[in-house]
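# Coordinate analysis (summary)
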Amino acid sequence: MPATLPRAADEAVRGLLRARDTALLSLTGSGDQPPLTTPRDPAREAARRELSKRMYHEHDPGLLQRALNAVLDWIDRLLAAAASATPGGALGLVVVVLAVIAVLAALWWRLGTPARQPVSAAALFDDRPRSAAEHRAAAEAHAAQGHWNQALQERMRAVVRALEERALLDIRPGRTADEAAAEAGRALPAHTDRLRAAAREFDDVTYGGRRATQASYDRVTGLDRDLERSKPILAASTHSAAHNTRQGAAE
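## Looking at the packing of helix α5 (residues 132-144) against helix α6 (residues 148-165)
Describing two packed helices takes the angle between their axes plus the distance from one axis to the other. At a closest axis distance of 8 Å, the pairing of α5 and α6 adopts a crossing angle of 165°. As far as their axial angle goes, α6 and α5 are roughly antiparallel. Note on packing geometry: the crossing formed by α5 with α6 is left-handed. Within the contact between the two elements, α5 uses Ala 132, His 135, Arg 136, Ala 138, Ala 139, Glu 140, His 142 and Ala 143 and α6 uses Trp 148, Gln 150, Ala 151, Glu 154, Arg 155, Arg 157, Ala 158, Arg 161, Ala 162 and Glu 165.

In structure tokens:
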């Protein structure tokens, strides 16, 4: 207890005694003899005036504390009512709450983030055209700061832009990450699975509310570097090889 509380209580008692004496004197008109009976209303009014003085309310709780106390009291009454209505009392209420939390956790684990969408809903590029080198530089800058979401997005854009610069993809502003992966997989079949996985990670981060990690960024970065060294399988070469094979078989 604060040291000021006993002093305030003592002052309150003294104030009440003074209020009582004042009320008695006002009734008798003299300080020599008290009246035989003390009317209740004048004594109550004198006590109310005395207790309304500021010195008795210096340590009263503030408005915020009173509001918090009211909320806590309401929660306490609510829990008490719920416990009395639940079989087993307070223990039964705890069991019910834990069961509800377990069900919600299981649903969250099973269904994943509710906002997750399986496919991208917008274009891969949403700003001014930039080169693959510019997207790579932006990705590395984000990665240096630990901003893995932005780093992965920029690296995936660098992958697609590099394929456009090599004429393996036609330049199409409205293309999505899934469409780019499917089209690039036809020219680079050895990387089809990794392209699709990178597109899914881009979609999860951009539209599904998931958070990228350094590992996911490194996977897209490794794909970007491998694609730079890969040789595409052109449609003309494939057709020519198939024709030569058929011709050799005929001879």
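Once you've had a look at it, read on.
## A closer look at the packing of aromatic side chains
Counted according to the given criterion, the structure contains two aromatic pairs. Between Phe 202 and Tyr 207, the ring centres sit 6.4 Å apart and the planes meet at 75°, which makes this aromatic pair edge-to-face.

## Here we look at the nonpolar core
In this structure, Met 156, Leu 163 and Leu 195 are the most contacted members of the largest nonpolar core, which totals 23 residues. When contributions to this core are tallied by element, the ones reaching two or more residues are α6, α7 (177-187), α8 (192-206) and α9 (214-229).

## Thoughts on empty space enclosed by the protein
Counted according to the given criterion, the structure contains one cavity of 30 Å³ or more. Within this model, the largest cavity holds a volume of roughly 40 Å³. Arg 136, Val 159, Ala 162, Leu 163, Arg 166, Asp 224, Leu 227 and Glu 228 together form the lining of the largest cavity. Of all the secondary structure elements, the ones that give two or more residues to the lining of the largest cavity are α6 and α9. When its residues are assigned to classes, the lining of the largest cavity shows four nonpolar, no polar and four charged.

## Side note on the confidence of the model for the protein chain
Looking at the protein chain, pLDDT values average 75 and 61% of them are 70 or higher. Counting interchain partners and residues more than four positions distant, the pLDDT-below-50 stretch residues 115-121 has 16 contacts. Counting interchain partners and residues more than four positions distant, the pLDDT-below-50 stretch residues 236-251 has one contact.

## Description of α9
Over its 16 residues, α9 extends 23 Å from the first C-alpha to the last, a length consistent with the 22 Å expected when each residue adds 1.5 Å. When α9 is considered as a whole, its buried residues turn out to be Ser 216, Tyr 217, Val 220, Thr 221, Leu 223, Asp 224 and Leu 227. The buried residues of α9 occupy an angular sector of 155° when projected down its axis, which confines them to one face. The inward-facing, buried residues of α9 abut α5, α6 and α8.

## Structural notes on the pattern of salt bridges
Summed over the entire model, instances satisfying the criterion amount to 16 salt bridges. With a closest N to O distance of 3.6 Å, Arg 136 and Glu 228 form a salt bridge. A residue pair is termed long-range when its members are at least 10 positions apart, and Arg 136 in helix α5 and Glu 228 in helix α9 qualify at 92 residues. Here Glu 140 makes a salt bridge to Arg 155, at a shortest N to O gap of 3.8 Å. Pair noted here: Glu 140 is in helix α5 and Arg 155 is in helix α6, with a separation of 15 residues, a long-range link. What makes Arg 155 buried here is its relative accessible area of 3%.

## Quick notes on the packing of α6 against α8
One way to put it is that α6 packs onto α8 with a least axis distance of 10 Å and a crossing angle of 140°. Of the possible angle classes, the one that applies to α6 and α8 is oblique. Between α6 and α8 lies a crossing of left-handed hand. Contact with α6, carried on its side by Asn 149, Leu 152, Gln 153, Met 156, Arg 157 and Val 159, involves Leu 195, Ala 198, Ala 199, Glu 201, Phe 202, Val 205 and Thr 206 of α8 and no other residues of that element. Split by residue class, the contact of α6 with α8 holds eight nonpolar, three polar and two charged.

The rules behind each value
Residues numbered from 1 in each chain as written. Predicted model: local features only at pLDDT ≥ 70, side-chain atom pairs only at ≥ 80, totals over all residues. Heavy atoms only, no water. Axes fitted to C-alpha atoms, helices over the stretch in contact; angles between N-to-C directions. Helix = DSSP H or I, 4+ residues; strand = E, 2+ residues; numbered from the N terminus. Parallel < 35°, antiparallel > 145°, perpendicular 65-115°, else oblique. Left-handed = near helix turned anticlockwise from the far one by under 90°. Contact = heavy atoms within 4.5 Å. Phe/Tyr/Trp six-rings, centres within 6.5 Å; stacked < 30°, edge-to-face > 60°. Core = buried A, V, L, I, M, F, W, Y, C linked by side-chain atoms within 4.5 Å. Buried < 20%, exposed > 50% of the residue type's maximum accessible area, 1.4 Å probe, protein only. 1 Å grid on protein atoms, 1.4 Å probe; cavity = no way out; pocket = protein on both sides within 12 Å on 5 of 7 lines; lining within 4 Å. Points joined across faces, edges and corners; volume = space filled by probe spheres on them. Nonpolar A, V, L, I, M, F, W, Y, C, P; charged D, E, K, R; others polar. pLDDT = per-residue confidence, 0-100. Expected span 1.5 Å × (residues − 1). Arc of directions from axis to C-beta. Salt bridge = Lys/Arg side-chain N within 4 Å of Asp/Glu carboxyl O.

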